[in-house]
2 protein chains.
Amino acid sequence: MNIGDVSTRTGLPAKTIRYYEDIGLVTPDRAGNGYRRFSPAHVHKLRFLARARSLGFSIEECRDLLALWEDRARASADVRAIANQHLDRIEAKITELQEMRDTLAGLVRACHGDDRPDCPILRDLEGGTPKAG
Amino acid sequence: MNIGDVSTRTGLPAKTIRYYEDIGLVTPDRAGNGYRRFSPAHVHKLRFLARARSLGFSIEECRDLLALWEDRARASADVRAIANQHLDRIEAKITELQEMRDTLAGLVRACHGDDRPDCPILRDLEGGTPKAG
DNA sequence: CTTGACCTTCCCGTGACTGGAACCCTTATG
DNA sequence: CATAAGGGTTCCAGTCACGGGAAGGTCAAG
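For clarity, every value in this text was computed on a predicted model and none was experimentally measured. (Residues numbered from 1 in each chain as written. Chains lettered and ligands numbered in written order. Predicted model: local features only at pLDDT ≥ 70, side-chain atom pairs only at ≥ 80, totals over all residues. Heavy atoms only, no water.)

Next up on the list: the interface of chain A and chain B. Counting residues at the interface gives 50 residues for chain A, matched by 50 residues for chain B. Across the chain A/chain B interface, buried area totals approximately 4400 Å², and carbon plus sulfur atoms make up 71% of it. Along the contact surface separating chain A from chain B lie four salt bridges. One salt bridge in this structure joins A:Glu91 and B:Arg101, with 3.6 Å as the shortest N-O distance. (Contact = heavy atoms within 4.5 Å. Buried area = accessible area lost by both parts, 1.4 Å probe. Salt bridge = Lys/Arg side-chain N within 4 Å of Asp/Glu carboxyl O.)

The local shell around DNA strand C holds 19 residues, among which A:Gly4, A:Arg36, B:Lys15, B:Tyr20 and B:Arg53 are the closest. Within the contact set of DNA strand C, a phosphate oxygen lies 3.5 Å away from a backbone nitrogen or oxygen of A:Ile3. Looking at the surface near DNA strand C, the elements that each hand over two or more residues are helix H1 (3-10) and helix H2 (14-22) of chain A together with helix H2 (14-22) of chain B. Counting residues per element, the surface near DNA strand C draws most heavily on H2(B), which supplies four residues. Across the surface near DNA strand C, the residue classes tally to seven nonpolar, six polar and six charged. (Near = heavy atom within 4 Å. Polar contact = N/O pair within 3.5 Å; in protein donor to acceptor, adjacent residues only side chain to side chain. Helix = DSSP H or I, 4+ residues; strand = E, 2+ residues; numbered from the N terminus. Nonpolar A, V, L, I, M, F, W, Y, C, P; charged D, E, K, R; others polar.)

Our next topic: the protein's contact with DNA strand D. In the neighbourhood of DNA strand D, 19 residues make up the surrounding shell, with A:Lys15, A:Tyr20, B:Gly4, B:Tyr35 and B:Arg36 lying closest. Sugar and phosphate atoms represent 69% of those atoms of DNA strand D found within 4 Å of the protein. At a separation of 2.8 Å, a base nitrogen of DNA strand D approaches a polar side-chain atom of A:Tyr35. Between DNA strand D and the protein, one listed contact pairs a phosphate oxygen with a backbone N or O atom of A:Ile59 at 3.4 Å.

Turning to the relation of the copies chain A and chain B, a few remarks are in order. When chain A is fitted to chain B, the residual RMSD is 0.1 Å, and the transformation amounts to a turn of 180° plus an axial shift of 0.0 Å. In symmetry terms, the pair is related by a two-fold rotation axis. Judged by C-alpha distance, A:Ile94 is the residue of chain A that lies nearest the rotation axis, at 2.9 Å. In this assembly the copies share their binding face: 100% of the residues contributing to the interface of chain A also contribute to that of chain B. (Least-squares fit on C-alpha atoms with pLDDT ≥ 70 in both.)

Structure representation (structure tokens):
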């Protein structure tokens, strides 16, 4: 199978698939004309990667997950540890973004948003005068 | 004031302050020995930047906000538009992360996490067999 | 024989910095 | 006077996970 087919089958751009080869995540064969040739197993692997990436795992985590996936003697605890770590990072990021959102939403609410120059948003950015009174 | 003092006063690393000069966000004076010299106004501006960045505004948004901040005739609506747009992006990101979190949390819960190889997390990544039965 | 859709490699750009090398300026101390 | 410490300076490279685009090879159809 050529890279274009693999791309449609996995949803990954061809560029991304080449990149994954570059960094050693997949190693397709080569046809006589130099074209990459992918087996169903390669496609399966790339789908695994696409799914893991869509869940926000980093490339290095994907590499680890792939290794575990291909290790028939792996311990599920190892997989869960990676997932849990990632989960913690996601939770932290969510909290951080929620704080940003709350602050910003408050400022946007406080701003009348017309053609006058007075603006609580800028006042906050300027010096943390969070609307006195 | 030298860059080190500005760094402590604003909480921004010196490297970042130099970077902000590079991209034209601040333009400190220069002393005879080539050192950057910052006025209180520069520090104020950098604090503005630090606060805006901490709220997740991109550098380009910061540039726009700075321009509005320094335009005494600005309309608060313009500021609010930028903030609102940013708010939407934050909301979208939060939703995306929450979906990731929910999926991952489900998988982690389903994984017994011991030394056996059987693992629902890998099963999901492998092919979307989301635990049949 | 040409067209057009594929494929290849290669290099640059992204955002917002961070690390590090190699060097200059200033002050204090032996 | 040498030197060491602790500022500062420039410039280059790396991060992460690709994406854009150039320059060119390959293949099936008309």
